[in-house]
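# A structural walkthrough
The residues making up each chain are set out below.
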Amino acid sequence: MKLLLFDLDGTILHATHTPGRVPFDLAMRDTFDVTVELARMRPDGKTDPAIAAELLALAGATAELDVATIARLERCLAARLGAAIESGATRVEAVPGARAVLASLADDPRFASAVVTGNLVGAAELKLRAAGLAEFFAVGAFGSDHVLRAALPDVARERFRVRTGHAVARRDCVIIGDTPLDHAAAVANDMPVILIATGRIPFDELAHLRPAAVFADWSDGDAIEGALAAL
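Let us look at the structure shown here. Per chain, residues are indexed from 1 in the order of the written sequence. Since the coordinates come from a predicted model, pLDDT governs what is reported: local features require at least 70, and pairs of side-chain atoms require 80 or more to be given and counted, while whole-chain, interface and lining totals use all residues. Excluding hydrogens and water, the side-chain figures rest on all heavy atoms present in the structure.

### Here we look at the packing of aromatic side chains
Only Phe, Tyr and Trp rings take part, Trp by its six-membered ring, and two of them pair if their centres are within 6.5 Å. Stacked means planes under 30 degrees apart, edge-to-face means over 60, and tilted covers everything else. In the structure shown here, the tally under the stated rule is 2 aromatic pairs. Look at Phe6 and Phe137: their rings are 5.7 Å apart centre to centre, the planes differ by 70°, and that puts the pair in the edge-to-face class. Placement of the pair is Phe6 in strand 1 (residues 2–6) and Phe137 in the loop between helix 5 (121–131) and strand 5 (140–141), with a sequence separation of 131 residues. By definition, any uninterrupted DSSP run of H or I lasting at least four residues is a helix, any uninterrupted run of E lasting at least two residues is a strand, and each is numbered from the N terminus.

In structure tokens, the structure reads:
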């Protein structure tokens, strides 16, 4: 069995926000009493704690991002994101074609799927439900678990083992993402990686990293599944 470790934002779902009502910016204000703009930085592939630290630095603010503070940020972000989704200020949608591939993989006994995302867990769960993709993921690893993205694949592997009783070796895991940081996490864990250029990183930039495979989008599900089976 191969354990497929899916990134969320840019890879299988997109979240769009009304200008001036970005949930992460509002949650940072709630948590740290600081005004920040996520749009001022490149968050792609980073964990939420790393994003928070960078935004605080840009604002000239200092704060200790300890476990309690991250938990508070998670609560504030979940509240802000949940309200934004309910009001329509934030829209979360599955990337075209992703759901069909996930459904096909779920019916294939050669594969199991888990989440590996920089999102704090509460935000990740809200996004997955809003995008209609939660049914495909029973376990995962999140920015709540570690600030370093490269530490998350082993967290997901262990949660999968605990839930299913199946211990999957690193070499039998595949990271699926849309950024160079997904690629770097795969390299750090000696795992193959497939990159999908459905986020903000151009196809050519992803292809230059020489992943196991790179696709422009999810439209050719057979080719994607074939690439996964060949690893």
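### A look at the pairing of strand 7 (residues 193–196)
Consecutive side chains of a regular strand alternate in pointing toward one face of the sheet and then the other. Relative accessible area decides the class of each residue, using a 1.4 Å probe on protein chains only: under 20% of the type maximum gives buried, over 50% gives exposed, and in between gives partly exposed. Of the two faces of strand 7, the one carrying Val193 and Leu195 and the one carrying Ile194 and Ile196 are both buried. A crossover gets the label right-handed when its path from the first strand over the helix to the second runs clockwise, viewed with the strands pointing away from the viewer. The β-α-β motif built from strand 6 (residues 173–177), the intervening helix 7 (residues 180–188) and the parallel element strand 7 has right-handed crossover chirality. Here, any two strands with at least 2 DSSP bridges between them count as paired. Sheet analysis places strand 7 next to strand 8 (residues 213–215), joined by 3 bridges and oriented parallel. For Ile196, the partnering residue across the bridge sits in strand 8 and is Phe215.

### Thoughts on the pattern of salt bridges
Take a side-chain nitrogen of Lys or Arg and a carboxyl oxygen of Asp or Glu: if they are within 4 Å of each other, that pair is a salt bridge. Using the criterion set out here, one finds 14 salt bridges in the structure. Arg149 is the partner of Asp7 in a salt bridge, and the nearest nitrogen-oxygen pair spans 2.8 Å. Highlighted residues: Asp7 in the loop between strand 1 and strand 2 (13–17) and Arg149 in the loop between strand 5 and helix 6 (152–164), separated in sequence by 142 residues. The residues Asp7 and Arg149 share a single accessibility class, namely buried. When the shortest N-O distance is used, the salt bridge between Arg161 and Glu158 registers 2.6 Å.

### Quick notes on helix 9 (residues 221–230)
Within helix 9 the residues assigned to the buried category are Gly221, Ile224, Glu225, Ala227 and Leu228. Within helix 9, the buried residues cover an arc of 155° as seen down the axis, which keeps them to one side. Residues Asp222 and Ala230 are exposed on helix 9 and point more than 90 degrees away from its buried face. Working rule for contacts: check all heavy atoms of both residues, and any pair within 4.5 Å makes them a contact. On its buried face, helix 9 sits against strand 1, helix 4 (98–106), strand 4 (111–116), strand 6, strand 7 and strand 8. Regarding the arc, it is the one traced by the directions from the helix axis to the C-beta atoms.

### Focus on unusual backbone geometry
One non-glycine residue, Asp33, adopts positive backbone phi at about 55°. Following the sequence through the fold, Asp33 ends up in the loop between helix 1 (23–32) and helix 2 (48–58). Located in the positive-phi region is Arg210, a residue other than glycine, with phi close to 60°. Judged by its relative accessible area of 73%, Arg210 is exposed.

### A short note on the side chain of Lys2
Take Lys2: it is sitting in strand 1. Charge counting treats Lys and Arg as positive and Asp and Glu as negative, with His and both chain ends excluded. Lacking a salt bridge, the buried Lys2 has Asp172 as its closest oppositely charged neighbour, with an N-O distance of 4.6 Å. Among the polar contacts made by the side chain of Lys2, one reaches the main-chain carbonyl oxygen of Leu231 at a distance of 2.3 Å. Polar contact is the term for a pair of N or O atoms within 3.5 Å; when the atoms are in protein, one must be able to donate a hydrogen and the other to accept it, and sequence-neighboring residues count only if both atoms are side-chain atoms.

### Brief notes about the sheet that holds strand 5
If you walk across this open sheet you meet the 6 strands as 5-4-1-6-7-8, and the pairing is parallel. Both edges of this open sheet fall to strand 5 and strand 8, since each of them pairs with a single strand only. Pairing of strand 6 with strand 7, which is carried by 3 bridges, proceeds in the parallel orientation. Its bridge partner being in strand 7, Ile175 is matched across the sheet by Val193. Lying on the sheet, helix 9 is in contact with strand 1, strand 4, strand 6, strand 7 and strand 8; it crosses strand 8 at an angle near 165°. Axis geometry follows a simple rule: fit a line to the C-alpha atoms, using only the stretch in contact for helices, then measure angles between N-to-C directions, giving values from 0 to 180 degrees.

### Things to note about the side chain of Arg149
Take Arg149: its relative accessible area is 9%, and that puts it in the buried class. A polar atom in the side chain of Arg149 sits 2.9 Å from the side chain of Asp182. Look past the residues within four positions of Arg149 in its chain and what remains in contact with it is Asp7, Gly45, Lys46, Thr47, Val116, Thr117, Gly118, Leu181, Asp182 and Ala185.

### Re the nonpolar core
Here, nonpolar core refers to any group of buried Ala, Val, Leu, Ile, Met, Phe, Trp, Tyr and Cys residues whose side-chain atoms link them within 4.5 Å. In terms of nonpolar packing, the biggest core is built from 30 residues, with Phe6, Ile12, Trp218 and Leu228 touching the most fellow members. Elements with a minimum of two residues in this core: strand 1, helix 4, strand 4, helix 5, strand 6, strand 7, strand 8 and helix 9. Among the elements that line this core, the one with the most residues is helix 4, at 4 residues. With residues up to four places along the chain from it excluded, the contact list for Phe6 reads Ile12, Leu102, Leu105, Ser113, Ala114, Val115, Val116, Phe137, Ile176 and Trp218.

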